[in-house]
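Residue strings, one per chain:
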Amino acid sequence: MDTYHTQPAARATRTTVTAVSSSRRPALVALVLLTLVWSYNWIVMKQALRYSGPFEFSALRYVLGSAVLFAVLLLRGESLRPPPLWPTTLIGLAQTTGFQLFVQSALLVGGAGKTALLAYTMPFWVVLIGWLALGDTPTRRLWLGLAVAAAGLVLVLDPWHGLGSAGSSALALAGGACWAIGVVASKRLFQRGGTSALSLTAWQMLIGTLAVIAVALVVPERPIEWSNWFIGALVYNALLASGLAWLLWSYVVERLPANVAGLSSLVIPIAGVGFAWLVLGERPTWPEGAGIILIGSALALVNLRRSR
């Protein structure tokens, strides 16, 4: 009798787990593509700032990125009606305006590599904000993964040799917090239903871009040098880093738990370290290498499906 009831229950459980795993697989593929685009973009941005000020570059990339996303909306025949205005405005001001302005300000006085890694403290902010705002109580496995990732991030940052100016570090951390607010607000909006990832990405970027343009018009910067390399960097950012990548990110946030999506994004700055090594010859120190291994272990701990 017990066996009769246990076997169907076990089959139902396996079916449910398989279905959940299958539903997450496209989001994980999107996360891999996103990692390649965004991690390499740190190198593109670093080299692009030889030819432009950071705020004007950000304004140009997001103007073009917004145009790309709205063109995709039209080609797909989706409605141009904006998502709920206030949540979308919050996401745009946090995820596009706040993140970019804080990070670019940090880059003015701090190192690009350390700024990028500090900005990617976003997952830690996501866990805290998601816990308070969405009631996403972290599991023991997530807490363990978060602790291992935090230890790895400390090794990568190598704080005992200095993080640069305190102001630069604070700006980069503020950028990560703004990004986290955008992630959690996006998750809450998706949970309400009726909003597509493409529509939300396009409208939040447009709203955030308007604020970035305002700052670029007010803050004096060096004239843009319209070289072939700068134009190529702008195209990369418009089509891939600002257009396709943010669409992939919204898709990932929609399909994966906010805390898992946030922690998984830690692989992006680590991949950026690898690209910097290959392209720019910036070889990681042994603490950075140990930190990369710890963060990779944390990602595996969070993302690998449980055996039962």
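The rules we used
- Residues numbered from 1 in each chain as written.
- Predicted model: local features only at pLDDT ≥ 70, side-chain atom pairs only at ≥ 80, totals over all residues.
- Heavy atoms only, no water.
- Helix = DSSP H or I, 4+ residues; strand = E, 2+ residues; numbered from the N terminus.
- Contact = heavy atoms within 4.5 Å.
- Areas by Shrake-Rupley, 256 points an atom, 1.4 Å probe, with all protein chains shown as cover.
- 1 Å grid on protein atoms, 1.4 Å probe; cavity = no way out; pocket = protein on both sides within 12 Å on 5 of 7 lines; lining within 4 Å.
- Points joined across faces, edges and corners; volume = space filled by probe spheres on them.
- Nonpolar A, V, L, I, M, F, W, Y, C, P; charged D, E, K, R; others polar.
- Salt bridge = Lys/Arg side-chain N within 4 Å of Asp/Glu carboxyl O.
- Buried < 20%, exposed > 50% of the residue type's maximum accessible area, 1.4 Å probe, protein only.
- pLDDT = per-residue confidence, 0-100.
- Phe/Tyr/Trp six-rings, centres within 6.5 Å; stacked < 30°, edge-to-face > 60°.
- Core = buried A, V, L, I, M, F, W, Y, C linked by side-chain atoms within 4.5 Å.

**What about the overall build of the chain?**
Move 1: Counting secondary structure elements, the chain contains twelve helices and zero strands.
Move 2: Taken from N to C terminus, the helices and strands of the chain fall in the order α-α-α-α-α-α-α-α-α-α-α-α.
Move 3: A fraction of 89% describes how many contacts in the chain between residues 6 or more apart in sequence connect residues 24 or more apart.
Move 4: As displayed, the chain has an accessible area near 14,800 Å², and 68% of this comes from carbon and sulfur atoms.

**Some thoughts on empty space enclosed by the protein**
Take a probe with the size of a water molecule and roll it over the atoms, and the empty space left behind shows itself.
Move 1: Tallying each qualifying case throughout the model produces two cavities of 30 Å³ or more.
Move 2: Roughly 150 Å³ of internal volume is contained in the largest cavity.
Move 3: Lining the largest cavity are 14 residues, with W38, W42, M45, F99 and Q100 positioned closest to its centre.
Move 4: Counting residues per element, the ones that place at least two in the lining of the largest cavity are α1 (2–48), α2 (54–75) and α3 (85–109).
Move 5: Examining the composition of the lining of the largest cavity, we find that five residues originate from one element, α3, more than from any other.
Move 6: For the lining of the largest cavity, a count of residues per class yields ten nonpolar, three polar and one charged.

**Notes on the pattern of salt bridges**
Move 1: Under the counting rule described, the total for this entry stands at two salt bridges.
Move 2: Here E78 makes a salt bridge to R76, at a shortest N to O gap of 3.3 Å.
Move 3: Put simply, E225 and R222 hold a salt bridge, and the shortest N to O gap is 3.9 Å.
Move 4: Its relative accessible area of 37% is what places R222 among the partly exposed residues.

**Observations regarding the confidence of the model for the chain**
Move 1: Taken as a whole, the chain shows an average pLDDT of 79; of its residues, 83% reach a score of 70 or greater.
Move 2: Element-level pLDDT for the chain is lowest in helix α10 (residues 258–264), with a mean of 65, against a maximum mean of 93 in helix α8 (residues 197–218).
Move 3: Taken together, the stretch residues 1–6 has pLDDT below 50 and engages in one contact with residues farther than four places along the chain or on a different chain.
Move 4: Counted against residues more than four places away or in other chains, residues 8–20, with its pLDDT under 50, gives two contacts.

**A short note on the packing of aromatic side chains**
Move 1: By the definition in use, this model includes nine aromatic pairs.
Move 2: Plain terms: the ring middles of Y51 and W229 are 6.5 Å apart, the flat faces sit at 20 degrees to each other, and that makes the pair stacked. A residue pair is termed long-range when its members are at least 10 positions apart, and Y51 in the loop between α1 and α2 and W229 in helix α9 (residues 228–255) qualify at 178 residues.
Move 3: Given the relative accessible area of 16%, Y51 is considered buried.

**Quick notes on the nonpolar core**
Move 1: With 46 residues, the main nonpolar core has L34, W38, M122, W179, V183, W246 and W249 as its most contacted residues.
Move 2: Every element with two or more residues in this core is listed here: α1, α2, α3, α4 (112–119), α5 (122–134), α7 (166–192), α8 and α9.
Move 3: With eleven residues, α9 is the single largest residue contributor to this core.
Move 4: One finds A106, A172, I270 and L299 within the second-largest nonpolar core, a separate group that totals ten residues.

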